[in-house]
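Residue-level listing of the chains:
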Amino acid sequence: MGRYSKEDIYRMVEEEDVKFIRLQFCDMFGIPKNLAITVTQLEKALDNRCVFCPSQIEGYQDVPDEMYLYPDRDTFTIYPWRPQTGKVARMYCDLRDEEGNPFEGDSRQVLKRVLDEAKAMGLVFEIRPELEFFLFHIDDDGHPTTQTHEVAGYYDVAPLDLAENVRRDIILSLEEMGFEITGSHHEISPAQHQIDFAEDRADRVADAVITFKMAAKTIAKKYGLYATFMPKPKEGVNGSGMHVNIFCRDLLGKNLFWDMDGEGMVSELGRQFMAGLLAHSKAITLITNPLVNSYKRLITGFNAPTSVSWSGRISDRSAVVNVPHRKGDATRIEYRSPDGVCNPYLAFAVILEAGMDGIRKQMVLPEENMGDADTLPANMGEAWECCSSDPMIRRVLGDYIYEELMKQKEAEWKEFNAVVTNWELKKYLGKY
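Now for a description of the structure that goes with this document. Since we're looking at a predicted model, the values are computed, not measured. (Residues numbered from 1 in each chain as written. Predicted model: local features only at pLDDT ≥ 70, side-chain atom pairs only at ≥ 80, totals over all residues. Heavy atoms only, no water.)

Attention now goes to the overall build of the protein. Secondary structure summary: the protein contains 11 helices and 15 strands in total. Here the C-alpha atoms of the protein give a radius of gyration of 22 Å, agreeing with the 22 Å that 2.2 N^0.38 yields for 432 residues. Referenced to the eigenvectors of the C-alpha coordinate spread, the extents of the protein come out at roughly 65 × 55 × 45 Å. Within the protein, the fraction of its 432 residues that count as buried is 53%. In the form shown here, the protein has an accessible surface area of approximately 19,800 Å², with 50% of it arising from carbon and sulfur atoms. Looking at charge distribution, the protein has the averaged site of its 50 positive side-chain charges lying 2 Å from that of its 69 negative ones. (Helix = DSSP H or I, 4+ residues; strand = E, 2+ residues; numbered from the N terminus. Rg over C-alpha atoms; globule rule 2.2 N^0.38 Å. Buried < 20%, exposed > 50% of the residue type's maximum accessible area, 1.4 Å probe, protein only. Areas by Shrake-Rupley, 256 points an atom, 1.4 Å probe, with all protein chains shown as cover. Lys, Arg positive; Asp, Glu negative; His and termini not counted. Charge placed at Lys NZ, Arg CZ, Asp CG, Glu CD.)

This is how it looks when you write it as structure tokens:
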């Protein structure tokens, strides 16, 4: 049973003086979209009668019919950064057709299906993401730059950290929306930051990631800054990632990754999960690292993973799988390659399905830090090839999303390869 009934929504809207409600969803690439309605249309929305035309949304161009928005009442929350008189609230929505059938292009439904599969296996997955981002200046025309006055580094404080107040306002806004923030700090690169929130059920965390990015961008703009989750906006410095910490529990809440006998790094089930992650890691990289720019981050020397291996040492930055904590309820498995521009619904879905495949097949985990370990794809082209050769990806995403995503990413890679870059001009023009 849900947290909020229809009556609860009506009551909160009246008590909080809400005048607008955003019925929110995202496209298959993780870009947030919404249909804004006034309170006069709330009853219609809660009866699942609000529609939109998807044909102008990237990835949905071939959808001929209107889609119905089915609000998830439990996601009702008020935007604290909007006016406090005539407030603005939002609810995340599932997408369905006129007959009430789930739209096969709805990435939120993809993650729900995976979590239903997990529940049938007696597993409940929680996720704690670690999102990194840059705060850059905006130029006189309001366009983002990669300029910053900062020289701060890892865990630095003011006066070196010039954006403490920005992070503070982001965190206070998120907490007002119900987030549990566990910490924040300045990251390694100048103008780079990280905010962490507590683990929660994977589908709720995917919603939260979308909200987090919206909040960071909106509040940064008030300070004349631009918040970007682009993986590698500047060369020569560490890029931004989204480490995904995974907790696995039984239906009663017991941590199933904990080796209670103390004989291994994690339980046997946890080791099987890690083996599945490693087996599918090259294929899922196109989903977890979806841009051409993503692969500028996944290189040696910048604290990003490059190796299809695992490590029990948090200081080992090259392994794609890490076990940062291995005792009691804190036991978790960290998947380190994703970045913050991925669609969190699809990324979490393929990550969890890869691990579950390892459990189903009782895969054997390789030795820690194998010297001859394979490497993650070096570019989008390699990632596309790996993704296309793993049938698990199509099964998880479904035919519609899989085919559209593969078509779009193939075109993006070809487009990039046709571009003559400034690097090439500087390197070759005056020499040849």
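Below, the discussion takes up the packing of helix H3 (residues 107-120) against helix H10 (residues 391-417). The axes of two packed helices give the description: the angle between them and the distance between them. For the pair H3 and H10, the least separation of the axes is 10 Å and the interaxial angle reads 160 degrees. Between H3 and H10, the angle falls in the class roughly antiparallel. Classified by chirality, the crossing of H10 by H3 is right-handed. Contact residues: Ser107, Val110, Arg113, Val114 and Glu117 in H3; Arg395, Val396, Leu397, Gly398 and Ile401 in H10. (Axes fitted to C-alpha atoms, helices over the stretch in contact; angles between N-to-C directions. Parallel < 35°, antiparallel > 145°, perpendicular 65-115°, else oblique. Left-handed = near helix turned anticlockwise from the far one by under 90°. Contact = heavy atoms within 4.5 Å.)

Grouped together as the largest cluster of nonpolar side chains are 123 residues, with contacts concentrated most on Phe125 and Ile246. Among the elements that take part in this core, helix H5 (residues 202-222) stands out by supplying 12 residues, more than any other. Contact partners of Ile246, with chain neighbours within four places excluded, come to Phe125, Glu126, Phe257, Phe273, Leu277, Arg332, Ile333, Tyr335, Ile351 and Leu352. (Core = buried A, V, L, I, M, F, W, Y, C linked by side-chain atoms within 4.5 Å.)

What follows concerns the pattern of salt bridges. Going through the model one piece at a time under the given rule, you end up with 28 salt bridges. When the shortest N-O distance is used, the salt bridge between Glu353 and Arg360 registers 2.9 Å. By relative accessible area, which is 0% here, Glu353 ends up buried. Residue class for Arg360 comes out partly exposed when judged on its relative accessible area of 38%. Each member of the salt-bridge network shares a partner with another, and the members are Asp72, Asp94, Arg108, Lys112 and Asp207. (Salt bridge = Lys/Arg side-chain N within 4 Å of Asp/Glu carboxyl O.)

Before going further, it helps to spend a moment on the side chain of Ser281. In this fold, Ser281 is placed in helix H6 (residues 268-288). Polar contacts involving the side chain of Ser281 include one to the main-chain carbonyl oxygen of Leu278, which spans 3.1 Å. (Polar contact = N/O pair within 3.5 Å; in protein donor to acceptor, adjacent residues only side chain to side chain.)

An ideal rise of 1.5 Å per residue puts 18 Å on 13 residues; helix H4 (residues 164-176) measures up with 18 Å between its terminal C-alpha atoms. All buried positions along H4 are accounted for by Val166, Arg167, Ile170, Ile171, Ser173 and Leu174. Seen along its axis, H4 keeps its buried residues to an arc of 165 degrees; they face one direction. Buried positions along H4 lie against strand E7 (124-137), strand E8 (181-186), strand E9 (192-197), H5 and strand E11 (225-228). Backbone geometry just downstream of H4 places Gly178 in the positive-phi region, at approximately 100 degrees. (Expected span 1.5 Å × (residues − 1). Arc of directions from axis to C-beta.)

Let's shift gears to the packing of aromatic side chains. Taken as a whole and assessed by the stated rule, the structure comprises 16 aromatic pairs. Ring centres of Phe125 and Phe273 lie 5.6 Å apart, and the angle between their planes is 40 degrees; on these two criteria the pair is classed as tilted. Pair noted here: Phe125 is in strand E7 and Phe273 is in helix H6, with a separation of 148 residues, a long-range link. The exposure classification of Phe125 matches that of Phe273, with both residues buried. Centre to centre, the rings of Phe133 and Phe229 are 5.4 Å apart; their planes meet at 40 degrees, and the pair counts as tilted. Linking Phe133 in strand E7 with Phe229 in the loop between E11 and strand E12 (242-249), this pair joins segments that are 96 residues apart in sequence. For Phe133, a relative accessible area of 0% translates into the label buried. With relative accessibility at 3%, the residue Phe229 sits in the buried group. Three or more aromatic residues joined by ring pairs form one cluster here, namely Phe133, Phe179, Phe197, Phe212 and Phe229. Between Arg96 and the ring centre of Tyr70, over which it is positioned, the NZ or CZ distance is 5.1 Å. (Phe/Tyr/Trp six-rings, centres within 6.5 Å; stacked < 30°, edge-to-face > 60°. Lys NZ or Arg CZ within 6 Å of the ring centre and 35° of its normal.)

Structurally, Phe179 can be placed in the loop between H4 and E8. In this structure Phe179 comes out as buried when scored by relative accessible area, which is 13%. Each residue touching Phe179, except ones within four places of it in the same chain, is listed here: Leu174, Phe197, Ala208, Thr211 and Phe212.

Further remarks concern the pairing of strand E1 (residues 18-26). Across six bridges, the pairing between E1 and strand E6 (residues 87-96) is parallel. Across the sheet, Gln24 pairs through a bridge with Tyr92, a residue of E6. Across seven bridges, the pairing between E1 and strand E2 (residues 32-38) is antiparallel. When the bridges of E2 are listed, Arg22 appears paired with Ala36. (Pairing = 2+ DSSP bridges.)

There is a patch of nonpolar side chains on the surface, built from Tyr154, Tyr155 and Ile188 and spanning about 300 Å² of accessible area. Position of Ile188 among the secondary structure elements: in the loop between E8 and E9. (Patch = residues over 30% accessible without salt bridge, like charges linked within 9 Å, V, L, I, M, F, W, Y side chains within 5 Å.)

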